[in-house]
Amino acid sequence: FHMSPELLASGCSTVPFEAGSLGMMLRHDPLMGLIVNSFQGEGGQAQASGNVKVGDVLVAVNGWRLLKGTDAHKLVGLITQLPRPISITFVHADVQGKPVKVTKCLTDGYELPLMPGEKLIECRQCQMKASTFGLPEAAGGMAGIGITPAASSPLQHPMTSARTEGPVTSAWLPGVALVSGALFVTNYRVVFHRARGDGFCVDRSVKKQSERRRRESRSPTRSSTASPTPLGRTSSMTSTGTNGTSNTSGTEADNEEDNEDDDFEMTVQTVLKVESFTEHEYGIVKVDVPTLGIISKDGRAVKFVMPFQLGNSHESCKEVGRTIMEVCFDENRSNFNESSSSMKWGGEWKQPGQASDPRHEIFGQFHLLYKEALVKAGNNLTTTAFGDKYSLLKEYERLGLLDEGTGLRCLNAGIDLAPVTPDTYPNEILVPQGMTNDELKRVVAYRSRGRIPAVVYQYPMTKATISRSSQPLVGLGKNRCQEDEKLLARIMNVGHSTENPKGRLYIMDARKKSAATGNKLMGKGTEDTKNYVGTVMLHMNIGNIHAVRESEAGVWDLCRPSSAIGAAASWHGKLESTGWITHVHRVLSASLRCAAIVSQEGTSVLVHCSDGWDRTAQMTSLAQLVLDPYYRSFAGFKTLIEKEWFCFGHKFEDRCGRGSPKGGPKDEERSPIFLLFIDCVWQIMRQQPSEFQFNTNFLIALLDQLHSGRSGSFLYNNKLERINANLDHLAFTVWEVIASFGMAEFTNDSWAGEGASQEPLIISMNPKNIGFFEPYFMRFDSSLVGFERWRTYY
């Protein structure tokens, strides 16, 4: 139970007691706990202190919260085991004998700087584990690298009425360092602001030195500040001190204490799960600790301790948890876990016309409010750093796929394939000439989700193409479609004359053979090469969305400060057992095999998995990244993502678990497919760093924007849904948002240039050369030696 000086002035005191009687008589109130009933003897310690009055409520001993059920005999039993002096915390009573209710959130009058369109919903005083800030943990090492407790007794807590010069331990739990502050909840993010002068004396010299080294290591042309400021938030903060004066902090290198970097934040779309814990057993003391836990999609697991509020701290904790759930998730599908016994609330669908709290109406709307506010202020984000506005037709033209003699034609799918137009494909689909619209409609009916084989790339040196599709509907009846067989035969010879046909087409099925065969039970399956003359089937054995999700969860468990693992070999063994590195290796191997077939054999490839929007997108985009240097520039990478992920319908809404918490209805659809792709991009960058215009910061920014909610690019499951939501006009693109951070932050100074080499990249698949994506996965792990808080781009 940790209180700041201002809270003490508002009705709380911590009083030291030496050896001997406390000098007070107590009574037990079932609603409030132990209350001072009278004083015992003349000049007793309690009365002599001047800080204890009749009617005061005892709330903590040496920082340990007393349960309401604790009677005087239990207290005496506890006190006799502690060496003197001890500290007892009281909440004072007012003139009516009722305890004073503390309502002030912070001691420094801090106001959270809001972004355009951001709305403050909730603000609560609380405490947070110090390891989140890169501060060492207390002895006991639950997480972190070591604030040691005060040198006195194991339960001794420094007087909270004065700033201490020595190290401190938790006011609640032994071995856990907590930082006081306030928890802000907005329609965009959850922010914890660390209060200044909160009783903690933190040695910030280590952080200052690390920040200074990071600044000095940067190019002189780059920003000298430790972190670029997102557009819409000022780089300096103005706060009102306790004396009412205005304190403004700028971006000077050594003015770290008031820097916004000290605040913890995560966007509401990053939140994966919210929990409230109630009781814990620690030795002889049963501690009733109202704790709010939040797990994020980028691997963070944080805990907030709510302050004592006259017996209502648990309800307050639950209320904050509900608020966060209502902001972070669709309120109709909440599954807020309120106790360690896994009790749940919510989970029922709201009936039409049912009354709603107005704050629920802002759920998932920040991208709209953000652009509206910026445009109204005359600051409409535009950028040329990523080239012109994306156009799929322009990309087809750049690749020469619309030239005469290619043997291809571009469908206007909304017209040519009506009424069976695949809604998860773009409107512009490239198919071989010689196929009538009626024939193509029959192919639509034969492919899962109507995702017909479509050409997306042609390698200029060999004229071989890369196409993508979904699985055919073969089923147990071994169904055939002559039009589908004809289409693949024509894709086989795109770029080759009829007098000199190629005569071979590789079908790269991303699944393992057993999985493809198992899909026949559901009426699906894979191509029978006996029916597709000249085809060669390759099964690439890439894990499905469920396997990838489970692997990612295992990785995050290892990359949190609380992961207590003994030997280094054990940690690396556990990392290997998650299977994440195996997923990376298999996706890369399959993609490089595809690139080699196209560039070295000069043979076209058709790639598909089940529905053709997860593993297929990974393989086709990585193969093109290796083959085409244009895609390794800012403009080219944007084009690659737009084409293979946005236009061809990767299900970002479902794969990101948008609007649904862990365990919710969408949880089975959630999977870090895009993260796995970016990891593979990073692997290629590690081996060929001079071939990329962008750096690791850019990849991390892209992953942060995946869950930020500032743009409309990653919303919904396909392009048609985004068009229907009018996001092109109502929201910024992810590229405009990233550019607002300053492109110097993302530029690779060693880039050789787009035209340096037209040859495919040579990438080693020796397991020794496949690394762990530490810049992303380990950026929040304060248990690392030399830990520096990595930049977040929210």
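Our structure is the block above this text.
What counts, and at which threshold
Residues numbered from 1 in each chain as written. Predicted model: local features only at pLDDT ≥ 70, side-chain atom pairs only at ≥ 80, totals over all residues. Heavy atoms only, no water. Core = buried A, V, L, I, M, F, W, Y, C linked by side-chain atoms within 4.5 Å. Buried < 20%, exposed > 50% of the residue type's maximum accessible area, 1.4 Å probe, protein only. Contact = heavy atoms within 4.5 Å. Helix = DSSP H or I, 4+ residues; strand = E, 2+ residues; numbered from the N terminus. Polar contact = N/O pair within 3.5 Å; in protein donor to acceptor, adjacent residues only side chain to side chain. Pairing = 2+ DSSP bridges. Axes fitted to C-alpha atoms, helices over the stretch in contact; angles between N-to-C directions. Left-handed = near helix turned anticlockwise from the far one by under 90°.

## With respect to the nonpolar core
Counting 134 residues, the largest nonpolar core has Phe637, Phe674, Phe698 and Phe777 as its most contacted members. Every residue in contact with Phe698, bar those within four places of it in the chain, is listed here: Phe386, Phe634, Phe637, Trp735, Ile738 and Phe746. Formed by 24 residues, the second largest nonpolar core is a distinct cluster that contains Phe192, Val268, Phe304 and Phe329.

## Looking at the side chain of His650
Checked against the element boundaries, His650 lands in the loop between α16 (634-647) and α17 (652-655). Only 2.8 Å separates the side chain of His650 from the backbone oxygen of Trp613, close enough to count as a polar contact. If we ignore the near neighbours within four places in the chain, the residues touching His650 are Trp613, Asp614, Trp645, Arg655, Ile673 and Asn717.

## Here we look at the pairing of strand β19 (residues 465-468)
The side-chain alternation of β19 yields two buried faces, one formed by Thr465 and Ser467 and the other by Ile466 and Arg468. Relative to β19, strand β18 (residues 454-458) runs antiparallel, the two being bridged by four bridges. When the bridges of β19 are listed, Val455 appears paired with Ser467. With antiparallel pairing between neighbouring strands as the criterion, β18 and β19 make up a hairpin whose turn holds six residues, including Lys463 at a positive phi of roughly 65°. Looking at chain direction, β19 and strand β22 (residues 604-608) are connected through three bridges and run parallel. The partner of Ser467 across the bridge, within β22, is Leu606.

## Structural notes on unusual backbone geometry
Cis geometry is found at the peptide bond from Arg84 to Pro85, where omega equals 5°. If you trace the backbone, Pro85 turns up in the loop between α3 (72-79) and β6 (86-91). Phi is positive for Lys463, which is not a glycine, with a value near 65°. Along the chain, Lys463 turns up in the loop between β18 and β19. Judged by relative accessible area, Lys463 falls into the partly exposed class, the value being 39%. Of note in this structure, Asn726 is not a glycine but carries a positive phi near 60°. Tracing the backbone through its elements, the reader meets Asn726 in the loop between α20 (719-724) and α21 (727-730). We classify Asn726 as partly exposed; its relative accessible area is 33%.

## Some thoughts on the sheet that holds strand β20 (residues 505-509)
Taken together, the five strands give an open sheet; going across it, the order is β18-β19-β22-β20-β21, and neighbouring strands pair in mixed fashion. Edge positions in the sheet fall to β18 and β21 (535-539), since each has one partner strand and no second. Across the sheet, the mean angle from the axis of one strand to that of its neighbour is 25°, orientation sign disregarded. Relative to the sheet, helix α15 (residues 615-627) contacts β18, β19, β20 and β22, its axis offset from that of β19 by approximately 165°.

## Section: the packing of α16 against helix α18 (residues 673-687)
Packing of α16 against α18 leaves a shortest axis separation of 14 Å and a crossing angle of 145°. Of the two possible hands of crossing, α16 and α18 adopt the one that is right-handed. Note on element contacts: α18 touches α16 through Ile673, Phe674, Phe677, Ile678 and Val681, opposite Phe637, Ile641 and Trp645.

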